[in-house]
Amino acid sequence: MPVSNQTQQLRVDDFNHYLHPFSDMLSINNKGARIIVKGDGCYIWDSENNKIFDAMSGLWCVNLGYGQKSLIDAATEQLNTLAFYNSFFQTANTPAIELSKAIASVAPDGFNRVFFTNSGSEANDTMIRMVRRYWDIKGQSSKKIIISRWNAYHGSTMGGASLSGMKYMHEQGDLPIPGIVHIAQPYQLENGLPNETETDFALRAANWLEEKILELGAQNVAAFVGEPVQGAGGVIIPPSGYWLRIQEICKKYDILLVADEVICGFGRLGYWFASQHPHININPDLIIIAKGLTSGYIPMGGVIVHDKVSEVLVHQGGDFNHGFTYSGHPVAANVGVATIKYIKEQKLLQHLQQNIIPYFATKFAQLNNHPLVGDAQSIGLVAGLVLYQDKQQKKHFAKDLHVDNICREFCFNNGVVMRGVGNRMIIAPPLVMNQTQVDEIISKIVLSLDNLFDSLKVKGIV
Ligand SMILES: Cc1ncc(COP(=O)(O)O)c(C=O)c1O
């Protein structure tokens, strides 16, 4: 379809000047980028005025939807009052103090202090430095290694990308950096044995951590980090019992447990933090946050630190030689305060647990009836499904067919954002959607899956 002159010009300027993250600019140029110009509630509009349901909440972040007035007011007021001041050199600003207190009020017991960053990646880099510093202060300087998992995503900085278990990222730039190692992910469809029960798999997968610790020597291991539910890896929901066993192992070998809740935090699973969700149910030592903290309105991340660690850093550590110009940025912090206030005042978590999550779970699971779909599952408001070429045989499509990208395009054209990750399609819709909008997402996905099926049938692929 021909596009307007304005869109055409924007695409030319985009290609000539703007390097996109995680993108092949040449291939973008062949089709032209979709330019998003407006957002309202759960919807976005592109420069051709197509209205699209944003079922990825931006990039797992615009949890409270677009145009949320209290967040906009919080930013505007703070810009007018004090647009910036740093927190170095014995200074602080009011919103950063208020936000740390507000976070402590909703975090699990024993989490009373926060270190602020601008992003989830920086928060993970901060975590690496912080846990190593912690063990240094404790006189156990050999405890340096951080164990993560293959197919995890923890960010794109040198530290974040190293913690991430994406081989295609490691291939560029000589990663991982030293001192970071990986174990296999708890994804039963990929790593399970024939006829293995979920419980058996959970135990076996968690025990890979113990095996790795024994191989490295517990005296050399500082921490284990994991996303309670892997997001960018394809919404991999861990088997029941996995996290309990991981926690046991960390305790047994005196290794810090880090929950990367950049996606899961601030209500995505219907709890303030995924660590509090009955399926996960852990007491980590550090929690990594970003995204939903400000509903994506202004960049902000951080590390929430349990007293066990923060008391050592604060009372025995002296200077922690780490920080960012914008750590505790007052405008971002004020939006964070407004985000937490909104979730509390609207009783959003109770509403999600009672009215939205169970409804969404039932509707999303019905996608399993589609001939291309298997293993459609959700937890809270993150969900994923597998596209099968042959559902009975659980046969995947060949990688070079890029079926996920084709499916994503059909979704966009039918007015819903869905992301493709290899053979998986995933969504993370805004927490403010209602039941009618759940129906809208599902019917648009079904239509897109039908379009995909028809297009593959014409080519003789299914
Ligand atoms: C679990 C997790 N950790 C860290 C990050 C990195 O956050 P950022 O992109 O803000 O640096 C992401 C981003 O998607 C994430 O999903």
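Everything here concerns the structure above.
In short, a report on the structure.

## Side note on the overall build of the protein chain
A count of helical and extended segments in the protein chain gives 16 helices and 15 strands. Computed over the C-alpha atoms, the radius of gyration of the protein chain is 22 Å, within 12% of the 23 Å expected from 2.2 N^0.38 for a compact globule of 462 residues. By its C-alpha atoms, the protein chain is 65 × 60 × 45 Å across when sized along the principal axes. Counting only residues that meet the buried cut, the protein chain has 46% of its 462 residues in that class.

## Considerations on the nonpolar core
Counting 132 residues, the largest nonpolar core has V131, I146, F224, V258, L286, V303 and I304 as its most contacted members. Per-element accounting of this core gives the leading share, 8 residues, to helix 13 (residues 330-345). When residues are assigned to domains, this core turns out to be shared by domain 1 (34-67 + 348-458) and domain 2 (70-345), each giving three or more. In contact with I146, other than residues within four places in its own chain, are I128, V131, L163, G179, I180, A222, A223 and V225.

## Description of the sheet that holds strand 2 (residues 43-46)
Across the sheet, which stays open at both edges, the 3 strands sit in the order 1-2-3 with antiparallel pairing between neighbours. Edge strands, defined here as strands with exactly one partner in the open sheet, are strand 1 (36-40) and strand 3 (51-53). Along the sheet, successive strands turn relative to each other by an average axial angle of 30°, direction set aside. Note: strand 1 against strand 2, 4 bridges, orientation antiparallel. What sits directly across from D40, in strand 2, is Y43.

## Quick look at the sheet that holds strand 8 (residues 256-260)
The mixed open sheet is built from 7 strands, whose spatial order is 4-10-9-8-7-5-6. The open sheet terminates on both sides in strands that have one partner only, identified here as strand 4 (111-117) and strand 6 (180-183). Put simply, the sheet's adjacent strands are angled 25° from each other on average, direction ignored. Across 4 bridges, the pairing between strand 5 (residues 145-149) and strand 6 is parallel. The residue of strand 6 that forms the bridge with I147 is V181. Across the sheet, helix 12 (residues 307-316) is in contact with strand 4, strand 8, strand 9 (286-289) and strand 10 (301-306); its angle to strand 10 comes to roughly 95°.

## Observations concerning the packing of helix 4 (residues 69-81) against helix 13
Close contact between helix 4 and helix 13 brings their axes to 8 Å; oriented N to C, the two are set at 150°. Here helix 13 runs roughly antiparallel to helix 4, going by the angle between their axes. Classified by chirality, the crossing of helix 13 by helix 4 is right-handed. Across the interface between the two elements, S70, L71, A74, A75, E77, Q78 and L79 of helix 4 pack against P330, V331, N334, V335, V337, A338, T339 and Y342 of helix 13. Each residue belonging to the contact of helix 4 with helix 13 can be placed in one class, and the counts come to 10 nonpolar, 4 polar and 1 charged.

Rules behind the numbers
Residues numbered from 1 in each chain as written. Predicted model: local features only at pLDDT ≥ 70, side-chain atom pairs only at ≥ 80, totals over all residues. Helix = DSSP H or I, 4+ residues; strand = E, 2+ residues; numbered from the N terminus. Rg over C-alpha atoms; globule rule 2.2 N^0.38 Å. Buried ≥ 20, exposed ≤ 12 C-beta atoms within 10 Å, placed from the backbone. Core = buried A, V, L, I, M, F, W, Y, C linked by C-beta atoms within 7 Å. Domains from an automatic or database assignment. Contact = placed C-beta atoms within 7 Å. Pairing = 2+ DSSP bridges. Axes fitted to C-alpha atoms, helices over the stretch in contact; angles between N-to-C directions. Parallel < 35°, antiparallel > 145°, perpendicular 65-115°, else oblique. Left-handed = near helix turned anticlockwise from the far one by under 90°. Nonpolar A, V, L, I, M, F, W, Y, C, P; charged D, E, K, R; others polar.

In short, geometric facts, not functional conclusions.
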